[in-house]
Amino acid sequence: MRWHLKFWNCFRALAITCALVTLRVPPAGSQVAPSDASKPDSHGIAVSNVNHSVKPGDDFYQYANGGWLERTQIPADRASVGVFTALSDLSNKRTVDLIEQAAKGNAPAASDTRKIADLYNSFMDEVGIEAKGLAALRPHLQSIAAIHDRKELARALGESLRADVDALNNTNFHTANLFGLWVAPGFNDSDHYTAYLLQGGLQLPDREYYVADTERMRDIRAKYQAHIAAMLKLAGFDEPDARAKRVIDLEHDIAEKHISLAENEDIHKANNTWKPGDFAAKAPGLDWAEFFRGAGLTKQSSFIVWQPTAFTGESALVGSASLDSWKDWLAFHMVEAYADGLPKAFGDERFAFFGKILSGAQEQRPRWQRGVALVNRILGDAVGQIYVKDYFTPQAKAEVQSMVANITAAFRKRIDALPWMDPATNAEAQAKLTSLYVGIGYPETWRSYSAYEVKADDFFGNLWRSGLFEYHYSVRRIGLPVDRKEWCMTPQTVNAVNLPLHNGLNFPAAILQPPFFDPQAPPASNYGAIGTIIGHEISHTFDTQGSAFDSKGRVRNWWKSEDLEHFNAATAKLAAQYDTYKPFPDISVNGKQTLGENIADVAGLSAAFDGFHASLEGTPAPVKDGFSGDQQFFVAFGQNWGTKPRESALRQQVMTEPHAPAQYRADTVRNIDAWYPAFNIQSGDKLYLTPADRVQIW
Ligand SMILES: [Zn+2]
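Residues numbered from 1 in each chain as written. Predicted model: local features only at pLDDT ≥ 70, side-chain atom pairs only at ≥ 80, totals over all residues. Heavy atoms only, no water.

On a plain count of helices and strands, the protein chain comes out with 28 helices and nine strands. Its C-alpha atoms give the protein chain a radius of gyration of 25 Å, within 12% of the compact-globule value 26 Å for 698 residues. C-alpha atoms of the protein chain, sized along the principal axes, occupy 75 × 55 × 50 Å. Relative to its 698 residues, the protein chain shows a buried fraction of 63%. In the protein chain, once contacts between residues fewer than 6 apart in sequence are set aside, the share between residues at least 24 apart is 76%. Carbon and sulfur atoms make up 52% of the accessible area of the protein chain, which totals about 24800 Å². Between the centroid of the 70 positive side chains of the protein chain and the centroid of its 81 negative side chains there is a distance of 3 Å. (Helix = DSSP H or I, 4+ residues; strand = E, 2+ residues; numbered from the N terminus. Rg over C-alpha atoms; globule rule 2.2 N^0.38 Å. Buried < 20%, exposed > 50% of the residue type's maximum accessible area, 1.4 Å probe, protein only. Contact = heavy atoms within 4.5 Å. Areas by Shrake-Rupley, 256 points an atom, 1.4 Å probe, with all protein chains shown as cover. Lys, Arg positive; Asp, Glu negative; His and termini not counted. Charge placed at Lys NZ, Arg CZ, Asp CG, Glu CD.)

Structure below.
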């Protein structure tokens, strides 16, 4: 379980798609919600979270959230706290009840409920795990030790391939294995599932951690090297320091071959079809035939290679770096990946580095919370199926569907009204809206876990088999017709996602609750909260990445070049706006890296505002708690982003993530004309933009 990263089912993204937020806190439950961010004062905006001593035009984020920020502490076991984490806590509290219920019952063997129970109980069996010691790990380390040439190395590297990356939906570009497999609709044939291969090989979150020449990064690298040595020592290796040096040196060399996160986002550069025979010619060094044999992919006729230069570079390293370096690297990665299934000392050491040093958390979360997160990750649909029976009503589904209809209609009108858009481009944009699948609450079909074997007394094995289960599930789908209504997020996830190759959206049940959605709240706050999120996800179907996918999910440039010029000019202005934001004096938001998400925020806000006004059908919105309808709308949006991160977590976010820090997402309002009269914003106010500087994409 990689908790310093985005392991939780779906989230992430850069310009691409993506989930609405990147949840970096492990979504395990908690007894006490660490904040009241998700608790409305009544139904509607959280009035007590507003800070009236701040002018909305100077700092809208502080205005909407200052009261909450003032009274909120980050719990010791967290890297950050906010609306999303608080709602995740609620969802996880419910989930843990379901799981504990399952764990107590005596469900029939091989049923999903029994698997939930056995997986959870096996993780909670600390005494059993401690007693087994290194027994389950040893055979794996022995096979690594037995590697005596590059051919066997290639085979082992192939055997370690897992379906643990996702370039467009959950947008997780990170795997610690040499490469990662992602099976999804094809760039060039979106009717069938295709095999994508992505760069990998690093334990730290991104190449910058290895190559950046800053004091903090040098410090992290020194501590990381000590961590490698500590893990290898625990696993019984001699000369742990020398081995650790070899591992970090090799990872540094791999990092130099990686392309950056921002570059990963350019799908046109990613659309590289390689036949099996191309690999040896284009990326010599690794014995590819042996690699594919190890990976069980010998029958595969082609792959899409996302980062060709990284494949060339990493493959060359497999041929040139010493065999001992690779064996130490394989062993360390094995220990790291399965630390949860090993005695407590391994997990503690992992937390000391990845939790404390890298993310700034002070305490490890209770084991049961991590157990819930794990069950959610491995058996997410099985848990979700029970979850929605208890926590999602058909009425909620119907209401959200009507909001989706209003916001979609707003997008149609906005696109129709664009003076610069060519009629053919407009027609394809409208077709994308027509074929868009909007999933509300939960998937139409549930995932089967019949091929996943879970044993109540074998946590290491359960973990090992879950990786293989996912992998085999993905490999089996290659070439099959695409299910356009499939989901990539579980219903109990507090998030939302756009799937560009499916032309689909997922809004899980767990985000469709207060403060994002409350059937008893006025439309103003529902549209400002969940409405802007719905609009955000719809916008991704047209944004920098979405404009590259047509109404059938194919990679096809459906824009005229003049359309693209106008679009690029408008988006460049938005990138420049975000480049000016500085969370710390020495670090700025990267406007290019966060562009797709920022466009989605602007567009989502605009369309939701229109949808809100359409829903009023000409009647004025009621004033509530002294806030006009428009004020409630914008404050609800600002409160979506109430977040308090630790400094190290915020720095990591700025460096590695597609989403701008929450405070700047709230300030998106400065691009919307209607925000100015709603709060009487004047030209001297800090967030004031002249009408010409306000960015409107759609
Ligand atoms: Zn997004």
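What follows picks up the thread again.
So, on to the side chain of Arg243. Summarising the element assignment, Arg243 is placed in helix H9 (residues 240-257). In terms of polar contacts, Arg243 uses its side chain to reach the side chain of Asp238, at 2.6 Å. Ignoring any residue separated from it by four or fewer positions in sequence, one finds Arg243 in contact with Leu232, Phe237, Asp238 and Asp328. (Polar contact = N/O pair within 3.5 Å; in protein donor to acceptor, adjacent residues only side chain to side chain.)

Turning our attention to the sheet that holds strand E7 (residues 497-499). Read from one edge to the other, the open sheet built from three strands follows the order E6-E8-E7, with strand pairing classed as mixed. Because the sheet does not close on itself, it has two edges, and the strands there are strand E6 (437-441) and E7. Geometrically, the sheet is characterised by an average inter-axis angle of 15° between neighbouring strands, direction not taken into account. When E6 meets strand E8 (residues 504-508), the two strands line up parallel, connected through five bridges. (Pairing = 2+ DSSP bridges. Axes fitted to C-alpha atoms, helices over the stretch in contact; angles between N-to-C directions.)

Attention shifts here to the coordination of the zinc ion. Looking at the metal site, the zinc ion is ligated by His536 (NE2), His540 (NE2), Glu597 (OE) and Glu597 (OE), spaced 2.1 to 2.8 Å from it. Coordination at the zinc ion comes from four donor atoms whose angles at the metal span 50 to 132°, giving a geometry best classed as irregular. Site description for the zinc ion: donor spacing in sequence, H-x3-H-x56-E. With His540 in the loop between helix H22 (523-539) and helix H23 (561-579) and Glu597 in helix H24 (residues 595-615), this residue pair connects regions lying 57 residues apart in the sequence. Each member of the pair, His540 as well as Glu597, is classed as buried. (Donors = N, O, S within 2.8 Å, 3.2 Å for Na, K, Ca; no water. Tetrahedral: all angles 85-135°; square planar, octahedral: opposite > 155°, others 65-115°.)

It is worth spelling out the packing of aromatic side chains at this point. With the rule as written, the count across this model stands at 57 aromatic pairs. For the ring pair Phe84 and Phe516, a centre distance of 5.0 Å and an interplane angle of 45° mean the geometry is tilted. With Phe84 in helix H2 (residues 83-104) and Phe516 in the loop between E8 and H22, this pair connects stretches of sequence that are 432 residues apart. An identical accessibility class is assigned to Phe84 and Phe516; each is buried. Seen in terms of ring centroids, Trp288 and Phe291 are 5.4 Å apart; in terms of plane orientation they differ by 70°. Their pairing is edge-to-face. (Phe/Tyr/Trp six-rings, centres within 6.5 Å; stacked < 30°, edge-to-face > 60°.)

With mixed pairing, four strands are arranged side by side in an open sheet as E2-E3-E5-E4. Edge positions in the sheet fall to strand E2 (179-185) and strand E4 (273-274), since each has one partner strand and no second. As judged from the two bridges shared by strand E3 (residues 193-199) and strand E5 (residues 303-305), these two strands associate in the parallel manner. Across the sheet, the residue bridging to Tyr196 is Ile304, located in E5. Of the strands in this sheet, E2, E3, E4 and E5 touch helix H14 (residues 308-320), which is tilted by about 60° from E3.

Another point: helix H16 (residues 344-359). The principal kink in H16, of about 35°, is found at Phe351. Three or more residues of H16 are buried, namely Phe346, Gly347, Arg350, Phe351, Phe353, Phe354, Gly355, Leu358 and Ser359. Contacts from the buried residues of H16 go to helix H7 (208-211), helix H8 (215-234), helix H15 (323-337) and helix H26 (647-656). Phi turns positive, to about 85°, at Gly360, one or two residues after H16. (Bend = angle between axes of the 7 residues up to and from the residue.)

By the secondary structure assignment, Glu208 is in helix H7. Excluding residues that lie within four positions of it along the chain, Glu208 makes contacts with Met217, Arg221 and Met655.

Further remarks concern the pattern of salt bridges. Enumeration over the complete set of coordinates arrives at 32 salt bridges. Taking the shortest distance from any N to any O, the salt bridge between Lys560 and Asp422 comes out at 3.2 Å. Here Lys560, found in the loop between H22 and H23, pairs with Asp422, found in the loop between helix H19 (394-416) and helix H20 (423-435); they are 138 residues apart in sequence, far enough to count as distant. The partly exposed category is assigned to Lys560, whose relative accessible area is 36%. Each of the salt bridges in this network shares a partner with another, and the network as a whole consists of Asp77, Arg78, Asp89 and Arg365. (Salt bridge = Lys/Arg side-chain N within 4 Å of Asp/Glu carboxyl O.)

Right, let's get into the environment of Asp213. Position of Asp213 among the secondary structure elements: in the loop between H7 and H8. With residues near it in sequence (within four places) discarded, Asp213 still touches Arg218 and Arg221. In terms of polar contacts, Asp213 uses its side chain to reach the side chain of Arg218, at 2.5 Å.

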